[in-house]
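Observations on the model geometry
Next come the chains, spelled out residue by residue.
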Amino acid sequence: MAGKKQIQKFIHMILAYLSVAGILLGVIILWKNNLSYVKEKTRKAQSIQPKDFSVLFLSSYNGLDSLVKHEEEGILKALKSQGINCLAEYMDTKNYNATSHRQSIYENIKFKISEKHFDAVILGDDAALSFALNTQEELFKGLPLVFLGINNFDLANRAMQKPLFTGSIERVPLADCLNLIKFFFPKRKKIYVFADQLTSSVGNLDQFQEVKESFSDLDFTLIDMNYKSEAELATLISEISFDSAIMVMGYFINNKGKIYTEAEMGAFFYAHSNAPVFSVGDMRNSKGMLAGAYFDHTADGEYAGNTVIDILLNNKDTSDIPIKTNIKAENLIDYSLMEKYGLKKNRLPKDIQILNKPPSFFKDFNKVFFPALIVFVSCIVLVTTLMFYSLILKKSQATLRFMATHDVLTKLPTRALALEQLHIVVNNNIPFSIMLFDIDDFQQINDYYSPEFADEVLIELSTRLSRLKADIKLDIFRFGGDEFLLILYGINLNKSEPKMYYLRHALSSPFMYNGTPIFSKASVGLV
């Protein structure tokens, strides 16, 4: 039994040590992760020394356009890494495309260039590049001009024939989008393509005419979204049968001149379409398109920013930087619409990004979760171990208290408790009587039979006395040796008292020794 307790104690000690080690390990991992993050931010901050360079970003659209936001994100990521300042100007040609507006843009840029020195210009999309080609000598003379997001390849080639121009063209991922349609719905051959006729989209339409030649097995119908009422467009969309597919490229401009955002277009097509809708555009901020492919404008912006860095900091000549044509396209699918069109979650292209997927706690917080889990489990184990030891300690203390006030052999309270109890009953004026007795010739029993039998006599006598509590209200104490003290309550200590019979019987009954009854007598004192 003692060996088993030692093993249990050893196991609990090991658990306690492991718990403390687990807590320390979890805290160290969390600290290390946070330290790495802080060090990386500090390193980046220290490595960025402000440069005395300023760059103008001239965008064809306005600053609220999601495409422009992504381009700016990439540009600033690159330029800020080298401490280069950047100022943005927006032509807003989707909303204002008149000649008078272009003249106001010219005057605005001319004024700002006269007031502030710029070392390079980044041109966002076709309208900005066209503007720079027409005003290079007047506004941007001697400045490197880096373009991005260009759909009109002829315009880009024209720019590359002139000095100080370089940049990237935007190959609309039409083929990627059509391949997604064929992947998810291989039996659907009728594809309705919704496009616009904006100047900025002319290059997209040219690319579409080229790409569709590679998909001769599909039947295309091109629908112009320009300047239709919502009711007209809704009718066109709702008349398309479920066994077809829709591909959206460009923007919806209603008959009142309002240009719909990606989010508004997604909601509009979702509300009126029976067929699945695919997007050739950035659907990350919209909901309603099932899937699509988009040109990564953030990566395009970052490339433009890095090109400016090469020119300004590395003294690279624009003529040595060829036009970039291979900015990666990204495939997307809306997780929340997959069930509607019967798509299986385990049958997706490997490179596709999943939008609107329910958040995964483990994936989003894995760097924090597992160390925290180690700490939590270790704390639970440690607390459990400490509680176990607390119970053992309390039990041990209770055992020590019992051993200090009770006889080990008979388990009866000892003289000390007897005196305490007498003190209590006297102070509280509780009526009581005392019976003190010992076993006659107890030493002879011990010597003649055996010490073991003598112990059995004491145990048996204490058991008999304890049974009396069922009939008599009393407290029993082993006063010392073979002496016992009884405090009796509410009983008359004379022979005629019926309850005295039980006491006499307990004292006079024989004790059995190897089947032989052994009789003994007791000397009794009554108070």
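Criteria and thresholds
Residues numbered from 1 in each chain as written. Predicted model: local features only at pLDDT ≥ 70, side-chain atom pairs only at ≥ 80, totals over all residues. Heavy atoms only, no water. Helix = DSSP H or I, 4+ residues; strand = E, 2+ residues; numbered from the N terminus. Buried < 20%, exposed > 50% of the residue type's maximum accessible area, 1.4 Å probe, protein only. Contact = heavy atoms within 4.5 Å. Areas by Shrake-Rupley, 256 points an atom, 1.4 Å probe, with all protein chains shown as cover. Pairing = 2+ DSSP bridges. Axes fitted to C-alpha atoms, helices over the stretch in contact; angles between N-to-C directions. Parallel < 35°, antiparallel > 145°, perpendicular 65-115°, else oblique. Left-handed = near helix turned anticlockwise from the far one by under 90°. Nonpolar A, V, L, I, M, F, W, Y, C, P; charged D, E, K, R; others polar. Polar contact = N/O pair within 3.5 Å; in protein donor to acceptor, adjacent residues only side chain to side chain. Arc of directions from axis to C-beta. Core = buried A, V, L, I, M, F, W, Y, C linked by side-chain atoms within 4.5 Å. Phe/Tyr/Trp six-rings, centres within 6.5 Å; stacked < 30°, edge-to-face > 60°.

**Some remarks on the overall build of the protein**
- Helices and strands together make up the secondary structure of the protein, namely 17 helices and 20 strands.
- When the 527 residues of the protein are sorted by exposure, 44% land in the buried category.
- Considering only contacts in the protein between residues 6 or more positions apart, those separated by 24 or more positions represent 71%.
- Surface summary for the protein: the accessible area is close to 28900 Å², and the carbon and sulfur share equals 57%.

**Overview of the pairing of strand S17 (residues 483–488)**
- Extensive coverage of S17 is indicated by the burial of five of its six residues.
- Looking at chain direction, strand S15 (residues 433–439) and S17 are connected through six bridges and run antiparallel. Among the inter-strand pairings, phenylalanine 437 is bridged to a residue of S17, identified as phenylalanine 484.
- Sheet analysis places strand S16 (residues 474–480) next to S17, joined by six bridges and oriented antiparallel.

**Observations concerning the packing of helix H8 (residues 230–238) against helix H9 (residues 262–272)**
- In the contact formed by H8 and H9, the axes pass within 8 Å of each other and the chain directions differ by 55°. The angle between the axes of H8 and H9 places the two elements in the oblique class. Judged by the twist between their axes, the crossing of H8 over H9 is right-handed. Residues Glu230, Leu233, Ala234, Ile237 and Ser238 of H8 lie in contact with H9, whose contacting residues are Phe268, Phe269 and His272.
- Grouping the amino acids of the contact of H8 with H9 by side-chain chemistry returns five nonpolar, two polar and one charged.

**Concerning the environment of aspartate 224**
- With respect to the secondary-structure elements, aspartate 224 resides in strand S7 (residues 219–224).
- Through-space distance from the C-alpha of aspartate 224 to that of glycine 250 is 9.7 Å; in sequence the pair is 26 residues apart.
- Here the side chain of aspartate 224 touches asparagine 226 through a polar contact of 3.0 Å, landing on its backbone nitrogen.

**Looking at the packing of helix H4 (residues 125–139) against helix H5 (residues 153–160)**
- It is the contact of H4 with H5, at a shortest axis distance of 10 Å, that shows an interaxial angle of 35°. Of the two possible hands of crossing, H4 and H5 adopt the one that is left-handed. From H4, Asp126, Leu129, Ser130, Leu133 and Asn134 reach across to H5, where they touch Leu155, Ala156, Arg158 and Ala159.
- Within the contact of H4 with H5, the residues separate by chemical class into five nonpolar, two polar and two charged.

**Considerations on helix H6 (residues 174–184)**
- Every buried residue belonging to H6 is among Leu174, Cys177, Leu178, Leu180, Ile181 and Phe184, and all of these are buried. Summarising the axial view, the buried residues of H6 lie within an arc of 150°, below the 170-degree limit, and thus occupy one face.

**Topic: the nonpolar core**
- Judged by nonpolar contacts, the single largest core of 44 residues is most densely connected at Phe194, Ile246, Met265 and Phe269.
- Among all residues touching methionine 265, those that are not within four sequence positions of it are Met225, Val248, Gly250, Tyr251, Phe252, Tyr260 and Met289.

**Let's talk about the packing of aromatic side chains**
- Counted under the stated rule, the structure contains 13 aromatic pairs.
- Aromatic side chains phenylalanine 242 and tyrosine 341 sit 6.3 Å apart centroid to centroid with 15° between the ring planes, which places their arrangement in the stacked category. Of the two residues, phenylalanine 242 is situated in the loop between H8 and strand S9 (245–248) and tyrosine 341 in the loop between helix H11 (335–338) and strand S14 (352–355); the sequence distance between them amounts to 99 residues.
- On the basis of relative accessibility, which here comes to 10%, the residue tyrosine 341 falls in the buried class.
- Considering the side-chain rings of phenylalanine 252 and tyrosine 260, the 4.6 Å spacing of their centres and the 40° angle between planes classify their relative orientation as tilted.
- We classify tyrosine 260 as buried; its relative accessible area is 5%.

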